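Results of the structural survey
Now for the letters of each chain:
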Amino acid sequence: MVCLAILAFSLPHGFAGAGPSAKTGSKPAPVPAAAGPAGVRPNELGRLLILEYHLIGAPEAEWRRTPANFRKDLQLLYDSGYYPAPLADVVSGRLKVPAGKTPFVLTFDDSSQGQFRYLQEGERLVIDPQSAVGIMEQFKKEHPDFPLTATFYVLPAIPPKLRLFGQEEHIGRKLQYLAEHGYEIGSHTYWHQNLSKTDDLGVQKQMALANQAIQSYVPGYPVQSLSLPFGVHARNQVLEHDGEYQGIRYHYTSIVLVGSGPAPSPYAAGFNPYRLERIQAGDTAWGPGAYVERFRKNPALRFISDGDPATVTVPRAEAAKVGKLPPGMKLRRSIESGTGGRRELGL
Ligand SMILES: [Zn+2]
């Protein structure tokens, strides 16, 4: 079976225009701080990675990651100072990330079975350790300082293999498990509709019925995020996140796109939670490994947490690029002292 999502995706753009280097490339890379974890200076205006997975299985392909490669991605992120964040925390700016770490977000589109599969073992039902949820749960056990979470953009009205992770008999169990174990269930519309090819009523129907279907398994679940099918916008973009159909209202706080670069900091002026770019998983020049390497070489591009959820620390020279901060959050500008190297001053 061919995944619907694969049919019409535009190809990622690679690095061209994806990173912030065109805008900030003239800034010198920061000198490691005398103080601070691993000698890294906080920069909460840097970019972060929202990773995008589709099929999990074999063999590796453009829209499919093997279980071993998914695990490899997690290990690379862990080893490279990245830290899992719920998408909702990125959008709200209420990030809880240890000092020196870079937040990243995991997302999965199309609710295929390889993302979340149950296996019958005798009398017991177990999560397939080769499915994405199984891999993440095992990785968390082995790395308790790495609280993995992910947003799953699901399809409620689609042929059975993609309908809410397949396995009709376990749909409710799976959605409830996700909701109860710190994962997020997002909408990928009702049946993967190309929103540019439907009218306003059709767009609202797609959103409302998707929410209703999810909530039929997890009563009251607040669906807050949308992944645009094919990365294609509706003609009336407001209806992508706010609308109503047959008395069912919906409101999303974030929308993710198909590609194709790091997302800006939520504290950056102009941050738009309804246009979040993602990094397509794969061993490609635009994949997670390539960006980890790029950020390693250009640490000034990378969001680095100050470890304090109540403050936003940015290089002084970048302070004008800060947008409106969440209520109660305080801005700190990191400065250089004249002779004693860098230090941090709260302002
Ligand atoms: Zn899709």
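Conventions we followed
- Residues numbered from 1 in each chain as written.
- Predicted model: local features only at pLDDT ≥ 70, side-chain atom pairs only at ≥ 80, totals over all residues.
- UniProt positions renumbered as here; feature names shortened; annotations may be inferred.
- Buried ≥ 20, exposed ≤ 12 C-beta atoms within 10 Å, placed from the backbone.
- Helix = DSSP H or I, 4+ residues; strand = E, 2+ residues; numbered from the N terminus.
- Arc of directions from axis to C-beta.
- Pairing = 2+ DSSP bridges.
- Expected span 1.5 Å × (residues − 1).
- Contact = placed C-beta atoms within 7 Å.
- Core = buried A, V, L, I, M, F, W, Y, C linked by C-beta atoms within 7 Å.

Labelled according to an unreviewed UniProt entry, the chain appears under the name Polysaccharide deacetylase, originating from Hydrogenispora ethanolica. The UniProt entry for the chain carries the following text under Subcellular location (unreviewed entry): "Secreted".

Our focus in this paragraph is helix α6 (residues 171–180). For α6, the complete set of buried residues consists of Lys174, Leu175 and Leu178. Each buried residue of α6 lies within a common arc of 95° when the element is viewed along its axis, so the set occupies one face. Among the residues trailing α6, Gly182 stands out with phi positive, at a value near 80°.

Here the focus is the pairing of strand β7 (residues 124–127). Examined bridge by bridge, strand β6 (residues 118–121) and β7 share four bridges and lie antiparallel to one another. Each bridged residue has a counterpart across the sheet, and for Tyr118 the counterpart in β7 is Ile127.

Between its first and last C-alpha, helix α3 (residues 67–79) extends 18 Å over 13 residues, near the 18 Å set by a 1.5 Å rise per residue. Buried within α3 we find Phe70, Asp73, Leu74 and Leu77. Projected down its long axis, α3 carries its buried residues within an arc of 95°, all on one side. Looking at α3, the residues exposed on the side facing more than 90 degrees away from the buried face are Ala68 and Asp79. Residues of α3 that are buried sit in contact with β2 (55–56), β3 (64–65), β4 (82–84), β5 (102–109), α5 (132–142) and α9 (288–297). Positive backbone phi, approximately 85°, marks Gly81, located one or two places after α3.

The subject of this paragraph is the nonpolar core. What tends to happen in soluble globular proteins is that the nonpolar side chains get buried as a cluster. Among the nonpolar cores identified, the biggest contains 70 residues, and Ile50, Leu51, Phe104, Val105, Ala132 and Phe152 are the most heavily contacted of them. With seven residues, the top contributor of residues to this core is helix α7 (residues 200–217). With sequence-adjacent residues up to four places away left out, Val105 is seen in contact with Ile50, Leu51, Ala85, Leu87 and Val90.

What follows deals with the pairing of strand β14 (residues 276–280). It is a general feature of regular strands that their side chains alternate between the two faces of the sheet. Where burial is concerned, most of β14 is hidden: five out of the five residues are buried. Side chains Leu276, Arg278 and Gln280 of β14 all project onto a buried face; the interleaved residues Glu277 and Ile279 project onto the opposite face, where all are buried too. Where strand β13 (residues 254–260) lies against β14, two bridges are found, and the strand directions are parallel. Bridge pairing in β14 places Ser260 opposite Arg278.

What follows covers the environment of Lys161. For Lys161, the position within the fold is in the loop between β8 (151–154) and α6. With 47 residues separating them along the chain, Lys161 and Gly114 place their C-alpha atoms 10.0 Å apart.

Right, let's get into unusual backbone geometry. Geometrically, the link from Ala58 to Pro59 is a cis peptide bond, its omega value of -5° lying close to zero. Tracing the backbone shows Pro59 in the loop between β2 and β3. For the bond from Gly259 to Ser260, the omega torsion is -15°, close enough to zero to count as cis. Its location among the elements puts Ser260 in strand β13.

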